[in-house]
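# Reading the structure
Listed here are the chains, written in short residue letters.
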Amino acid sequence: MRAALTILLKDLRQQFRDTTLLTFGLALPLGLAFLLTLTLGGNEKQQFIGRYAVAGGAAFTEQVLRPMAERGYITLRELPGWDAGAALVDKGEVDAVFVVPPDGRTGTLEVIGNVDAAIAVDVARGLAQSYATELRTTGLAVAVAMQGRDADAGELARLAQAAPTPVALDTSTPVLRKQLDPATYHAAGMAVFFLFFGAVVSAAGIFAERAGGTLVRLIAAPIPRWSIVAGKSVGGVVTGIVTMTVLIATSGLLLGARWGDPLGVAALVAATVLAVCGITTVVASFARTAEQASNWVSIVATVLGVFGGALFPIAQVGLLPYLGYVTPHRWFLSGLAELAGGGTASAVVSPVLVLLAIAVVTGGVAVHRSGRMLRVTGGVA
Amino acid sequence: MPVLEVDNITKLYGESVAVDTLSFTIDQGETYGLLGPNGAGKTTAISMIVGVLDRDAGQVRVGGRPHSPADRRSKALIGYVPQDLALYHDISARENLRFFTKLYGMSRAAAAREIERVLEAVGLADRADDAVRTYSGGMARRLNIAIGLLHRPKLLILDEPTVGVDPQSRNAILASVRELAGEGVAILYTTHYMEEAERLCDRIGILDGGRLRAEGTRRELVGLVGEHDQVVFKVEGDPAHAVPVLEAAPGVGRVQRVEGEDGEVVAFVADARAAMTELMAAVAAGGVAVRSVEVREPDLEAVFLHLTGRALRD
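Residues numbered from 1 in each chain as written. Chains lettered and ligands numbered in written order. Predicted model: local features only at pLDDT ≥ 70, side-chain atom pairs only at ≥ 80, totals over all residues. Heavy atoms only, no water.

## Some thoughts on the sheet that holds strand β11 (residues 229–235) of chain B
Either a parallel or an antiparallel arrangement is found when strands of a sheet pair, and the pairing is made through backbone hydrogen bonds. All names here are of chain B. If you trace the 4 strands from one edge of the open sheet to the other, you get β12-β13-β11-β14, paired in antiparallel fashion. The open sheet has two free edges, formed respectively by β12 (252–257) and β14 (290–296), since each of these has just one partner strand. Put simply, the sheet's adjacent strands are angled 20 degrees from each other on average, direction ignored. Pairing between β12 and strand β13 (residues 264–269): 5 bridges, direction antiparallel. (Pairing = 2+ DSSP bridges. Helix = DSSP H or I, 4+ residues; strand = E, 2+ residues; numbered from the N terminus. Axes fitted to C-alpha atoms, helices over the stretch in contact; angles between N-to-C directions.)

## Remarks on the sheet that holds strand β1 (residues 50–55) of chain A
All names here are of chain A. Spatially, β2-β1-β3-β4 is the arrangement adopted by the 4 strands of the open sheet, whose pairing is mixed. Only two strands of the sheet have a single neighbouring strand rather than two, namely β2 (74–79) and β4 (110–113). Taken over all neighbouring pairs, the strand axes of this sheet differ in orientation by 20 degrees on average, direction set aside. Note that β1 and β2 share 6 bridges and pair parallel. What sits directly across from A55, in β2, is L79.

## A word on the UniProt feature "transmembrane region" (unreviewed entry) in chain A
Residues and elements named next belong to chain A. UniProt marks residues 21–41, 185–208, 229–257, 263–287, 299–325 and 345–367 with the feature "transmembrane region" (unreviewed entry), using the numbering shown here. Here residues 185–208 runs as 96% helix and 0% strand, with 34 Å between its end C-alpha atoms. Here residues 263–287 is 92% helix and 0% strand, with 37 Å between the C-alpha atoms at its ends. (UniProt positions renumbered as here; feature names shortened; annotations may be inferred.)

## A closer look at the environment of I91 of chain B
Positionally, I91 of chain B belongs in the loop between β6 (78–81) and α3 (93–103). Excluding its chain neighbours within four sequence positions, the residues that come into contact with I91 of chain B are R13, Q14 and R17 of chain A together with N96, D130, A131 and V132 of chain B. (Contact = heavy atoms within 4.5 Å.)

## Quick look at the domain arrangement of chain A
Taken domain by domain, chain A holds domain 1 (2–42 + 181–373) and domain 2 (50–162). Computed from C-alpha atoms alone, the centre-to-centre distance between domain 1 of chain A and domain 2 of chain A is 50 Å. (Domains from an automatic or database assignment.)

## A closer look at the interface of chain A and chain B
You'll often see interface size given as the accessible area lost when the parts meet. Each side of the interface is counted separately: chain A has 28 residues, and chain B has 36 residues. For the pair chain A and chain B, the summed buried surface comes to about 2,900 Å²; carbon and sulfur atoms form 59% of the total. The shortest N-O distance in the salt bridge between E95 of chain B and R13 of chain A comes to 4.0 Å. Counting the contacts that link chain A with chain B gives 7 residue pairs in polar contact (both at pLDDT 80 or more). For the side of chain A that touches chain B, the elements supplying multiple residues, two or more each, are α1 (2–17) and α10 (214–220) of chain A. The element best represented in the side of chain A that touches chain B is α1 of chain A, accounting for 8 residues. (Buried area = accessible area lost by both parts, 1.4 Å probe. Salt bridge = Lys/Arg side-chain N within 4 Å of Asp/Glu carboxyl O. Polar contact = N/O pair within 3.5 Å; in protein donor to acceptor, adjacent residues only side chain to side chain.)

## Points about unusual backbone geometry
The backbone phi angle of N8 of chain B is positive, close to 55 degrees, even though this residue is not glycine. Relative to the helices and strands, N8 of chain B is located in strand β1 (residues 4–13).

## Re empty space enclosed by the protein
Residue and element names in this part refer to chain A. For the structure shown, the criterion picks out 3 cavities of 30 Å³ or more. Of the volumes computed, that of the largest cavity is approximately 90 Å³. Lining the largest cavity are 15 residues, and of these G25, F194, L195, G240 and T243 lie nearest its centre. At the level of secondary structure, the elements contributing two or more residues to the lining of the largest cavity comprise α2 (20–40), α8 (182–203) and α11 (225–254). Grouping the constituent residues of the lining of the largest cavity by class yields 9 nonpolar, 6 polar and no charged. Reported here for the second largest cavity is a volume of approximately 50 Å³. If you go around the second largest cavity, the residues you meet are S202, A203, I206, V229, K232, S233, T281 and M373. (1 Å grid on protein atoms, 1.4 Å probe; cavity = no way out; pocket = protein on both sides within 12 Å on 5 of 7 lines; lining within 4 Å. Points joined across faces, edges and corners; volume = space filled by probe spheres on them. Nonpolar A, V, L, I, M, F, W, Y, C, P; charged D, E, K, R; others polar.)

## A word on the pairing of strand β4 (residues 57–62) of chain B
Residue and element names in this part refer to chain B. Pairing geometry for β1 and β4, over 5 bridges, is antiparallel. Within β4, the position partnered with V6 by the bridge is V60. Inspection of the sheet shows β4 paired to strand β5 (residues 65–66) by 2 bridges, in the antiparallel sense. Opposite V62, over in β5, you have R65 as the bridge partner. The loop that links β4 with its antiparallel partner β5 comprises 2 residues; one of these, G63, has a positive phi angle of about 60 degrees.

## Remarks on the pairing of strand β8 (residues 186–191) of chain B
Residue and element names in this part refer to chain B. Summarising burial for β8: 6 of the 6 residues are buried, a large majority. Of the two faces of β8, both are covered, the one formed by A186, L188 and T190 as well as the one formed by I187, Y189 and T191. Pairing of strand β7 (residues 155–159) with β8 involves 5 bridges; the strand directions are parallel. Along β8, the bridge assignment pairs I157 with L188. The handedness of the β7 to β8 crossover, carried by helix α6 (residues 167–182), is right-handed. (Buried < 20%, exposed > 50% of the residue type's maximum accessible area, 1.4 Å probe, protein only. Right-handed = clockwise from strand over helix to strand, strands pointing away.)

## A short note on the packing of α8 of chain A against α11 of chain A
All names here are of chain A. Here α8 crosses α11 at 155 degrees, and the two axes come no closer than 9 Å. Taken together, the axes of α8 and α11 are roughly antiparallel relative to one another. Crossing of α8 over α11 shows right-handed handedness. Packed against α8, whose contacting residues are A187, A191, V192, L195 and S202, the element α11 presents K232, G235, G236, T239, G240, M244, L247 and S251 at the interface. For the contact of α8 with α11, the class distribution of residues is 6 nonpolar, 6 polar and 1 charged. (Parallel < 35°, antiparallel > 145°, perpendicular 65-115°, else oblique. Left-handed = near helix turned anticlockwise from the far one by under 90°.)

## Concerning the nonpolar core
Of all hydrophobic cores here, the largest spans 151 residues; its most connected members are L4, F24, L103 and L188 of chain B. A per-element tally of this core places α8 of chain A first, with 15 residues. Core analysis: the second largest hydrophobic core is formed by 20 residues, V231, V245, A275 and A282 of chain B among them. (Core = buried A, V, L, I, M, F, W, Y, C linked by side-chain atoms within 4.5 Å.)

The following block contains the structure:
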């Protein structure tokens, strides 16, 4: 055990000096999480604000746009007509212009969009479409209500008030609350994605020892062979836990990521690191060189990252959602979602157990194959 | 009791025999050279002896103990200096040495003492805290050797330690090896440099194609092929005059006039140093004016050629 610890400490010293750990463990995941949060949104302090203008249609303006502007969701300018709107869009002064028919009810509701503000234009289209749909629904309801009657306006108002309250969306239900905010999602996704790249440095460490000529010296030393493999493997686990912990703390401070119950997060991090180190070591054990191991692990990390939903939410199509269940990313993220929903450590027992099962299976295979990694097939000079 | 006993070790790679029933012993304070060209099987043999490579047959005993890759006690008796530099280049020489003292289970105090000792011994004390990547090739070679000496091994195995080393570093390395042998360390030294084997080794094994072709002291090996020392005289005037004079001198086997060389005559004797006094007396008495005298001893190159039919550096 002492020899394994000696090898571990030597590896850590080397990794800190050559900045590999800092780059793959912290700088890259944190930087990418920051960029993704910035570009895809999610930080409440950087809330989306659409810059809109409207021409005509007082009802649409007063019922839909004005309340949004008053709440600070959008900025709103009123314009005389289509030409003025098009000119503002061309200049980039507004993201989209609503051109509403004069009576607000018949004709075409047009959205002139700025090509450089795709999200704002999509939101504008959504608003316009919702308004048009509501008008159509209201008209239809009135037509149905008046069918065969000679109703006056007073009766229509009474009928409308007697109508049942429409279904409303309750965003406080547990299922919806168990969803990571974008900053936490991106930070967690990048953390587990880049964990592979940090772990492969340790997993392929034996190849590096071989290439550097030091493996024969380690094997010739009076230490058990397993201590060489153990030193490398434990190194991956230690560096993984350290970098994940630093990343979680830093993303909380810089990106506003909310990770939830610390004990639950710690259990998830430890289990995820073990699972990733197991997978990485198995992949590396099939390689012949450190470069080959790194390349293979990069491919595996990317594929698992995609299917595990670490890079972007996975489409709910066919078998795709189910493929995620074989990845540590999926279980790590779902565990974090449980914590985001207010769960404590007990809420992540299932994800942690699955992650540990992955670690045990892959770790077993890695131990079985470690003898091959240590085999010396030296020349005959 | 020999420090190292190698008994019929064999290594096969498929149908190919890399090392074939190799046997030899090394006593305390003895330097044994394994001499052979590249590909002769030296590194494979050493890898099996050290325990880095599994043997297909044969036994190795170190300090009287059966030695296997799993036997940590016999491994602790061996200092190993691999042919390739086995160093961590991103850390300093001192950190490299400290790492290996821990692997060899040395106490903190003993480690500090031995690190200073070996740094002084290989002349790296003043650069001990510099990263190894800043070292010249010769300095890195010397550090490579220093690691093998750290734990004061009873058996030091050096696998071609002077490959790619400048003459100054080479001389320093050879001097260190001689000093260690003087201290009682048994040394196994592989090389394909004939001069090194001749300068350094008490006994030499000639390895070729994985087999030990011959073994003995330099003189014993030379004796195997019947070679003689040569005393080369450069004389004034007609060298033909010197031939009968030298032929008549005691201990001279034959005399040969060298074609194409101005005034050169060669006397073949069993032992040039022993015969020199009488040869000089003979030429003086015979009235031969001698410009210079050179002694050429038969070398291992000739022995290797005789045993294998190939030059050592083929």
